[in-house]
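The primary structure of each chain is shown beneath.
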Amino acid sequence: MTSEVSLPAEWDDDERMNFLFSDFKENRDVNTTDWDSKMDFWTALILKSCRDRGSVCVNLQDLNQTFRRQDRSPLGLPTVLQSMARCGKIQRESEFAANVDCGWLSWGVGLLLVKPLKWTFSTLLGSSRVPLEESFVVIELVKEKAAELLRAYHSSEFSNCSIVSFQELCSFSSDVCADESTLCMALLQLQRDKQVTVSLHEGEKIVKFCQPGQERVSPVSDVDVGIYQLQRSEKLLGERVQKLSLEANKCKEEARVLLREGKKSQALRCLRGRKRVERRADNLFAKVESIREILDRIAQSQTDKMVMQAYQAGVAALRLSLKDVTVERAESLVDQIQELCDTQDEVNQALSTGVTAADEDVDELEEELKSLLEESKPDSISGLPAVPTKGLQPSGEPFLSSLPDAPRSHLNITAEQLEEELNKLTLTDSGFQKKKVTSPAKRLEPAQ
């Protein structure tokens with residue numbers, strides 16, 4: 001057994017191993033460092049040896065044989081087992097099974113559970129002697145093995161079957177559990193975790209697994225047993241159909257060989273036998289199809305039941321959520337929201353207009369602006385009539401009466417006279433100003 005376990009590098013250090021192979025002191029307080037160092041070494045090595053061997057159980061006899069060195073066995077292993085039991089790292093196999101379900105005690109599948117419980121767990125903790133053959137379950141390892149077994153089931157061809165037989169379980173878990181005892185310990189842990197349940201059906205052990213979407217497995221019901229029987233019948237009939245197909249092919253080959261040898265009558269008998277086998281295979285195949293249809297209907301009914309339960313839960317949740325909600329309250333809330341929105345719009349409009357000055361201030365500002373405009377006007381050209389500010393009357397009399405009389409005689413002015421008049425225009429500081437010019441009609445006499 002030693003070859004199956006990888007030992008640490010310090011196993012070849014004689015001085016170190018002499019210390020580790022020695023017994024523990026009666027009182028830990030004498031040297032706590034040495035005590036804890038030795039305890040940690042053997043605890044880790046026991047867990048490692050079990051994991052390497054794929055086992056979840058240990059006993060003192062196997063440990064003495066596994067860690068035997070130079071014809072010596074470690075003297076402190078009983079103390080190590082007692083310490084691991086106190087810490088809850090290991091538990092007696094019989095007590096581990098009894099805490100799950102007493103029905104497992106009657107299995108008789110290699111477990112050491114038939115011995116009477118002569119001593120209790122508290123006696124083990126207080127005793128300095130550990131029976132050599134007493135088996136202990138390593139809690140950490142059995143939990144790991146249970147998780148691996150559950151993954152193996154979900155990845156197997158039986159994952160669509162809620163119930164499997166113990167033989168089928170052994171077939172797809174052979175790579176996970178090294179022996180039947182390890183498989184049973186893993187099943188015990190799964191049953192403790194409410195992931196499987198085990199029962200007997202017609203003397204056959206069957207295991208029901210928790211299905212996806214369920215927190216814990218439900219007890220085996222009559223419906224589960226009926227589905228299990230249908231699945232078993234489907235499997236058995238399918239195997240028979242396969243065998244009959246092989247037999248029919250065999251009869252056909254024999255008929256071909258006999259026909260080549262010239263034995264026509266014997267070849268005909270083989271063909272008749274082939275026809276009979278095919279008819280039997282067809283009948284069995286029709287029964288298989290009927291069973292499959294029943295299984296499909298059962299699966300559909302279970303789906304419908306699940307949907308109905310979901311609908312019921314949804315209706316209950318919706319009714320609860322709408323308990324205090326009514327149409328009147330909803331309309332009232334909408335009206336309140338609209339009123340608040342209108343108020344907000346009015347407030348925003350009032351804030352956007354800003355602050356306006358008093359009327360008297362505005363009048364004073366307009367008067368001052370008017371005076372500034374009058375002061376900024378340029379000087380008017382002298383001699384020209386004022387621009388009328390009032391609109392023209394329809395008759396035009398006020399405006400026409402202010403204009404000078406037009407000359408009534410012919411003008412006889414030479415170019416020299418016009419040049420002289422032009423030179424009389426002068427430029428003043430305030431701009432151009434046109435001097436008063438005597439009307440040519442008054443200064444010049446018309447030509448004789």
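If you're wondering where the values come from, they're calculated on a predicted model, not measured in any experiment.

The rules behind the values
Residues numbered from 1 in each chain as written. Predicted model: local features only at pLDDT ≥ 70, side-chain atom pairs only at ≥ 80, totals over all residues. Heavy atoms only, no water. Helix = DSSP H or I, 4+ residues; strand = E, 2+ residues; numbered from the N terminus. Buried < 20%, exposed > 50% of the residue type's maximum accessible area, 1.4 Å probe, protein only. Contact = heavy atoms within 4.5 Å. Areas by Shrake-Rupley, 256 points an atom, 1.4 Å probe, with all protein chains shown as cover. Salt bridge = Lys/Arg side-chain N within 4 Å of Asp/Glu carboxyl O. Pairing = 2+ DSSP bridges. Core = buried A, V, L, I, M, F, W, Y, C linked by side-chain atoms within 4.5 Å. Patch = residues over 30% accessible without salt bridge, like charges linked within 9 Å, V, L, I, M, F, W, Y side chains within 5 Å. Axes fitted to C-alpha atoms, helices over the stretch in contact; angles between N-to-C directions. Expected span 1.5 Å × (residues − 1).

**Some words on the overall build of the chain**
Item 1. Check the secondary structure of the chain and you find 16 helices and eight strands.
Item 2. Relative to its full complement of 448 residues, the chain shows a buried share of 29%.
Item 3. Look at the contacts in the chain between residues 6 or more apart in sequence, and 67% of them connect residues 24 or more apart.
Item 4. Surface accessibility of the chain: about 31,400 Å² in total, with carbon and sulfur atoms responsible for 52%.

**As for the pattern of salt bridges**
Item 1. Across all of its chains, the model carries 17 salt bridges by this definition.
Item 2. With its nearest N and O atoms 3.6 Å apart, the salt bridge here joins Lys263 to Glu261.
Item 3. Look at Lys263 and you get partly exposed, because its relative accessible area is 37%.
Item 4. Glu278 serves as the salt-bridge partner of Arg274, at 3.0 Å between the closest nitrogen and oxygen. Of the two residues, Arg274 and Glu278 both sit in helix H11 (residues 264-321), four residues apart, roughly one turn of that helix.
Item 5. Judged by relative accessible area, Glu278 falls into the partly exposed class, the value being 25%.
Item 6. Where salt bridges share partners, they join Arg51, Glu140 and Glu144 into one cluster.

**A short note on the pairing of strand S5 (residues 196-201)**
Item 1. Pairing analysis gives six bridges linking S5 to strand S6 (residues 204-209), with the strands arranged antiparallel. Across the sheet, Thr197 pairs through a bridge with Lys208, a residue of S6.

**Regarding the nonpolar core**
Item 1. Membership of the largest hydrophobic core comes to 36 residues, with the highest contact counts inside it found for Trp42, Ile46, Phe67 and Met185.
Item 2. Per-element tally for this core: the top contributor is helix H2 (residues 32-53), with eight residues.
Item 3. Grouped together as the second largest cluster of nonpolar side chains are 22 residues, Cys161, Val164, Leu169 and Leu183 included.

**Details of a nonpolar patch on the surface**
Item 1. A cluster of nonpolar residues, Val307, Met308 and Tyr311, forms a patch on the protein surface that exposes about 310 Å² of accessible area.
Item 2. By the element assignment, Tyr311 lies in helix H11.
Item 3. Residue classification places Tyr311 among the exposed positions, given a relative accessible area of 56%.

**Let's talk about the sheet that holds strand S2 (residues 90-92)**
Item 1. Across the sheet, which stays open at both edges, the three strands sit in the order S1-S3-S2 with antiparallel pairing between neighbours. Every interior strand has two partners, whereas the edge strands, strand S1 (57-59) and S2, have only one. Recorded for the sheet is a direction-independent mean angle of 40° between the axes of neighbouring strands.

**Focus: the pairing of S6**
Item 1. S6 sits mainly inside the fold: five of its six residues count as buried.
Item 2. As paired strands, strand S4 (residues 163-165) and S6 are joined by three bridges and run antiparallel to one another. Looking across to S6, one finds that Val164 is bridged to Val207.
Item 3. Between S5 and the antiparallel strand that follows it, S6, lie two residues; Glu202 among them carries a positive phi value of about 55°.

**Section: helix H9 (residues 180-192)**
Item 1. Along its 13 residues, H9 runs 18 Å from first to last C-alpha, staying within 8% of the 18 Å computed at 1.5 Å per residue.
Item 2. Burial of H9 is extensive: 11 of the 13 residues sit out of reach of the surface.

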